[in-house]
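# Coordinate inspection notes
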Amino acid sequence: MNNTIAVFAFLVVIAFLSILVIHVPRVDLVAVISITVALALWDLYTTCFAKKG
């Protein structure tokens, strides 16, 4: 259940940031948002799906 909520929250963040990129298509903004999404994806992966040793 927690993984489902985490993935849903990640998709909501992606949707919000994609709206921003669509309406303000600047290269620097796209770069910052790409880094933000990459960090959020890494956090999602390490907290929800990585094997805990």
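Residues numbered from 1 in each chain as written. Predicted model: local features only at pLDDT ≥ 70, side-chain atom pairs only at ≥ 80, totals over all residues. Heavy atoms only, no water.

## With respect to the overall build of the protein
Looking only at helices and strands, the protein has two helices and zero strands in total. The C-alpha radius of gyration computed for the protein amounts to 13 Å, which surpasses the reference 10 Å derived for 53 residues by more than 25%, pointing to a less compact arrangement than a globule. Dimensions of the protein along its principal axes, counting C-alpha atoms only, are 40 × 20 × 5 Å. Considering the protein as a whole, with its 53 residues, one finds that 9% of them fall into the buried category. (Helix = DSSP H or I, 4+ residues; strand = E, 2+ residues; numbered from the N terminus. Rg over C-alpha atoms; globule rule 2.2 N^0.38 Å. Buried < 20%, exposed > 50% of the residue type's maximum accessible area, 1.4 Å probe, protein only.)

## Remarks on a nonpolar patch on the surface
Residues Trp 42, Tyr 45 and Phe 49 make up a contiguous nonpolar surface patch of roughly 380 Å² in combined accessible area. Residue position: Trp 42 is located in helix α2 (residues 27-49). (Patch = residues over 30% accessible without salt bridge, like charges linked within 9 Å, V, L, I, M, F, W, Y side chains within 5 Å. Areas by Shrake-Rupley, 256 points an atom, 1.4 Å probe, with all protein chains shown as cover. Salt bridge = Lys/Arg side-chain N within 4 Å of Asp/Glu carboxyl O.)

## Things to note about the packing of helix α1 (residues 2-23) against α2
The axes of two packed helices give the description: the angle between them and the distance between them. Between α1 and α2, the least distance of the axes is 11 Å, while the angle of their chain directions is 175°. In this view, α1 runs roughly antiparallel relative to α2, as classed from their interaxial angle. For the pair formed by α1 and α2, the contact residues are Asn 3, Ala 6, Val 7, Phe 10, Ile 14, Leu 17, Leu 20 and Val 21 on the first element and Leu 29, Val 30, Ile 33, Thr 36, Val 37, Ala 40, Leu 41, Leu 44, Cys 48 and Phe 49 on the second. Classifying every residue of the contact of α1 with α2 by side-chain character gives 16 nonpolar, two polar and no charged. (Axes fitted to C-alpha atoms, helices over the stretch in contact; angles between N-to-C directions. Parallel < 35°, antiparallel > 145°, perpendicular 65-115°, else oblique. Contact = heavy atoms within 4.5 Å. Nonpolar A, V, L, I, M, F, W, Y, C, P; charged D, E, K, R; others polar.)

## Remarks on the packing of aromatic side chains
Scanning all chains against the criterion turns up one aromatic pair. On the basis of an interplanar angle of 45° and a centroid distance of 6.1 Å, the ring pair of Trp 42 and Tyr 45 is categorised as tilted. Placement of both Trp 42 and Tyr 45 in helix α2 is noted, with a separation of three residues, approximately one turn of the helix. The class of Trp 42 is exposed, set by a relative accessible area of 57%. (Phe/Tyr/Trp six-rings, centres within 6.5 Å; stacked < 30°, edge-to-face > 60°.)

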